[in-house]
Amino acid sequence: MIRIKNNLGWLAILVLSFLPIFFWIATKSINTRFVSSTATLTSLGQITGLVGMAMFAIVLILSGRFKFLEDYFGGLNKIYLAHHLFGGVAFVLMLFHPLFLAGKYLFVSTKSAALFLLPSSDWPVNFGIFGLLFLIIFLVITFFIKLPYEKWKLSHKFLGFAFFLVGLHSFLIPSDISRSLPLRIYILSIAGIGLLVYVYRTILGFILVKKFTYVVQDIKYLDEKVVEIELSPQDKTLHFKPGQFAFVSFQSQDIGFETHPFSFTSSPFDRNLKIAVKNLGDFTAKLKNLKSGTIAKIEGPFGRFLSQNFKDQIWIAGGIGITPFLSMARTLKERGGKTLFIFFISRPMRMKQYFLKSFQKLPATLKILEYSHFILIFKDLLTRSTSKI
């Protein structure tokens with residue numbers, strides 16, 4: 001049942017994206033929509049436009065980081081996977097929308113087809129052209145140009161504006177949307193929700209999105225690349241489940257105000273939060289400038305990493321990927337059951353010793369096997385008796 005529920009989100013996206021086709025078919029007999037090459041190209045253009053717009057709206061909704069949606073995808077990471085996948089599909093559909101419509105003009109002349117794709121005095125059509133142009137620019141930036149994270153994130157904030165232009169195009173041109181009340185209500189509703197989520201998250205997020213205020217209390221350098229940061233609450237405390245993570249931004253000019261996800265290493269029963277961060281990019285490299293007393297804004301918690309359905313579990317982690325397991329291990333006593341934790345790491349020694357020492361303080365139900373290479377873990381699992389787990 002859990003697996004079925006975790007896939008309902010994907011099914012909902014497909015149903016909501018293709019539902020406009022049902023209203024489109026009800027508007028006009030399907031037999032008349034494909035009677036000729038011109039009618040077929042027109043119909044294909046309408047289908048790709050309707051599905052692409054509905055799917056684009058859903059992609060905006062997925063970007064809202066709504067916690068209740070995690071149950072229907074299996075975690076925020078799966079939501080972002082759907083956001084990325086369907087965002088690409090929506091873009092392709094909206095790209096083919098004008099190409100199919102221009103294709104019918106090829107039966108007149110190549111010039112007529114080319115002129116259809118260019119701006120003119122018809123502003124409802126121009127809105128669609130400019131909206132698609134913005135989408136192409138943003139998608140090229142996303143997939144082909146390597147930008148610093150903050151600039152990449154800034155470029156994404158304009159996707160809502162592109163969608164707004166596409167929406168104007170859809171509602172102002174003479175089409176099935178203008179002729180069919182059910183279709184118009186549906187597209188208006190889903191597009192409106194998408195734009196509201198965009199305003200909530202992107203434009204007014206600094207006001208509307210709930211965040212907890214913490215202050216950096218202690219900074220512990222585990223090696224030249226890994227640092228453990230302890231944060232204490234200034235007001236309300238954030239309650240999380242083991243294995244979850246949150247989005248953290250440090251209010252410091254020396255580091256920047258970027259927001260990044262980090263897993264908790266502390267126990268949910270601790271008042272203070274702890275996160276471990278490895279220097280893997282521009283932002284994490286700046287954390288060497290972090291000072292005690294710095295304010296941190298935290299949004300969360302997120303994630304469905306820990307399965308509550310099985311008491312006996314095998315955990316495999318490597319390097320900084322150990323961080324969510326620290327929090328999970330610290331609740332073993334309350335959860336019950338036995339857990340075999342297999343920890344592998346080749347370097348550096350100081351971080352390795354620190355984390356192993358942390359695990360050795362935990363209940364005897366946690367059994368630690370340590371290896372230096374990934375392949376040895378699987379070799380051992382294949383030969384070790386399950387009675388020892």
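Structure's up top.
No experiment lies behind these values; they were computed from the predicted model shown.

A word on helix α9 (residues 159-172)
Next up, step 1: The end-to-end C-alpha distance of α9 is 20 Å, a good match for the 20 Å that 14 residues give at a rise of 1.5 Å each.
Next up, step 2: Looking at α9, one finds that the buried residues are L159, G160, A162, F163, L165, V166, G167, H169 and S170.
Next up, step 3: Of the surrounding secondary structure, the elements contacted by the buried residues of α9 are α4 (37-62), α5 (76-103), α7 (123-144), α8 (149-156), α10 (176-179) and α11 (181-203).

Remarks on empty space enclosed by the protein
Next up, step 1: Here the structure, examined in full by the defined rule, presents one cavity of 30 Å³ or more.
Next up, step 2: In this structure, the largest cavity occupies an estimated 40 Å³ of space.
Next up, step 3: Around the largest cavity sit D218, I219, K220, E228, I229, E230 and K274, which together line it.
Next up, step 4: For the lining of the largest cavity, the secondary structure elements donating two or more residues are β1 (212-221) and β2 (226-233).
Next up, step 5: Looking at the lining of the largest cavity residue by residue, the class counts come to two nonpolar, no polar and five charged.

Let's talk about the layout of surface pockets
Next up, step 1: What the second largest pocket holds in volume is close to 820 Å³.
Next up, step 2: Surrounding the second largest pocket, 31 residues form its lining, H97, L101, F116, H169 and I173 being those nearest its centre.
Next up, step 3: Elements represented by at least two residues in the lining of the second largest pocket include exactly α4, α5, α7, α9 and α10.
Next up, step 4: Its residues assigned to classes, the lining of the second largest pocket shows 20 nonpolar, eight polar and three charged.

A short note on the packing of helix α2 (residues 8-27) against α5
Geometry of a packed helix pair, given as the angle between the helix axes and the separation of the axes.
Next up, step 1: Taken N-terminus to C-terminus, the directions of α2 and α5 make an angle of 25 degrees; their axes are 11 Å apart at the nearest point. The orientation of α2 relative to α5 falls into the category roughly parallel. The handedness of the crossing between α2 and α5 is right-handed. Note on element contacts: α5 touches α2 through K78, L81, A82, L85 and F86, opposite W10, I13 and L14.
Next up, step 2: Of the residues contributing to the contact of α2 with α5, the split by class is seven nonpolar, no polar and one charged.

A few points about α7
Next up, step 1: For α7, built from 22 residues, the straight-helix expectation of 32 Å at 1.5 Å per residue is met to within 8% by its first-to-last C-alpha distance of 31 Å.
Next up, step 2: Every buried residue belonging to α7 is among N126, G128, I129, G131, L132, L135, F138, L139 and I141, and all of these are buried.
Next up, step 3: In this structure, the buried residues of α7 make contact with α4, α5, α6 (110-116), α8 and α9.

Section: the pairing of strand β4 (residues 260-263)
Next up, step 1: Here β4 shows a buried face lined by H260 and F262 and an unburied face lined by P261 and S263.
Next up, step 2: Sheet topology note: the strand β3 (residues 245-250)/β4 ladder contains four bridges and is antiparallel. Considered in β4, the bridge of F247 is made with P261.

Looking at the pattern of salt bridges
Next up, step 1: Here the structure, examined in full by the defined rule, presents seven salt bridges.
Next up, step 2: For D176, the salt bridge identified is with R33, shortest N-O distance 3.3 Å. Separated by 143 residues along the polypeptide, D176 in helix α10 and R33 in helix α3 (residues 30-33) bring together distant segments of the chain. Both residues of the pair, D176 and R33, belong to the buried class.
Next up, step 3: Of the charged contacts in the structure, one is a salt bridge between R304 and D71, with a shortest N-O distance of 3.0 Å.

Considerations on the pairing of β2
Next up, step 1: A large share of β2 lies buried, amounting to eight of its eight residues.
Next up, step 2: Where burial is concerned, the two faces of β2 agree: the one with V226, E228, E230 and S232 and the one with V227, I229, L231 and P233 are both buried.
Next up, step 3: As paired strands, β1 and β2 are joined by seven bridges and run antiparallel to one another. Its bridge partner lying in β2, Y221 is registered against V227.
Next up, step 4: Taking the residues between adjacent antiparallel strands as the criterion, β1 and β2 are bridged by four residues.
Next up, step 5: Bridge count between β2 and strand β5 (residues 273-278): six bridges; the pairing is antiparallel. By the bridge assignment, E230 is partnered in β5 with K274.

Here's the deal with the side chain of S266
Next up, step 1: Within the fold, S266 resides in the loop between β4 and β5.
Next up, step 2: Each residue touching S266, except ones within four places of it in the same chain, is listed here: F240, N272, L273, K274, S327 and R330.

Thoughts on the environment of G243
Next up, step 1: Mapping G243 onto the fold places it in the loop between β2 and β3.
Next up, step 2: Between the alpha carbons of G243 and G303 there is a distance of 7.4 Å; along the sequence they are 60 residues apart.
Next up, step 3: Setting aside chain neighbours within four positions, we find G243 in contact with F305, P324, S327 and M328.

Rules used throughout
- Sequence positions are assigned chain by chain, starting from 1 and proceeding in written order.
- Since the coordinates come from a predicted model, pLDDT governs what is reported: local features require at least 70, and pairs of side-chain atoms require 80 or more to be given and counted, while whole-chain, interface and lining totals use all residues.
- For the side-chain quantities, the full set of heavy atoms in the structure was used; hydrogens and water were omitted.
- Here a helix means four or more residues in a row that DSSP labels H or I, a strand means two or more in a row labelled E, and each is numbered from the N terminus.
- Here the expected span of a helix is defined as 1.5 Å times the quantity of residues minus one.
- Throughout, exposure labels follow a simple rule: accessible area from a 1.4 Å probe, protein chains only, divided by the maximum for the residue type, with under 20% read as buried, over 50% as exposed, and the rest as partly exposed.
- Contact definition: two residues touch when any of their heavy atoms are within 4.5 Å.
- Grid spacing is 1 Å over the protein atoms alone, the probe is 1.4 Å, and a cavity is where that probe fits but cannot get out, while a pocket is an open set with protein on both sides within 12 Å along at least five of seven lines and lining residues have an atom within 4 Å of a point.
- Grid points are joined across faces, edges and corners, and a volume is the space filled by probe spheres set on the points.
- Charged residues are taken to be Asp, Glu, Lys and Arg, nonpolar residues to be Ala, Val, Leu, Ile, Met, Phe, Trp, Tyr, Cys and Pro, and polar residues to be all remaining types, Gly included.
- Here an angle of 0 to 180 degrees is reported between the N-to-C directions of two axes, which are lines fitted to C-alpha atoms, with helices fitted over the stretch in contact.
- Should an angle lie under 35 degrees it is considered roughly parallel, over 145 roughly antiparallel, and from 65 to 115 roughly perpendicular; all remaining angles are considered oblique.
- Note on convention: near helix rotated counterclockwise from far helix by under a right angle means a left-handed crossing. Clockwise means right-handed.
- Pairs of strands are assigned from DSSP output, requiring at least two bridges between the strands.
- Salt bridges are defined as contacts in which a side-chain nitrogen from Lys or Arg sits within 4 Å of a carboxyl oxygen from Asp or Glu.

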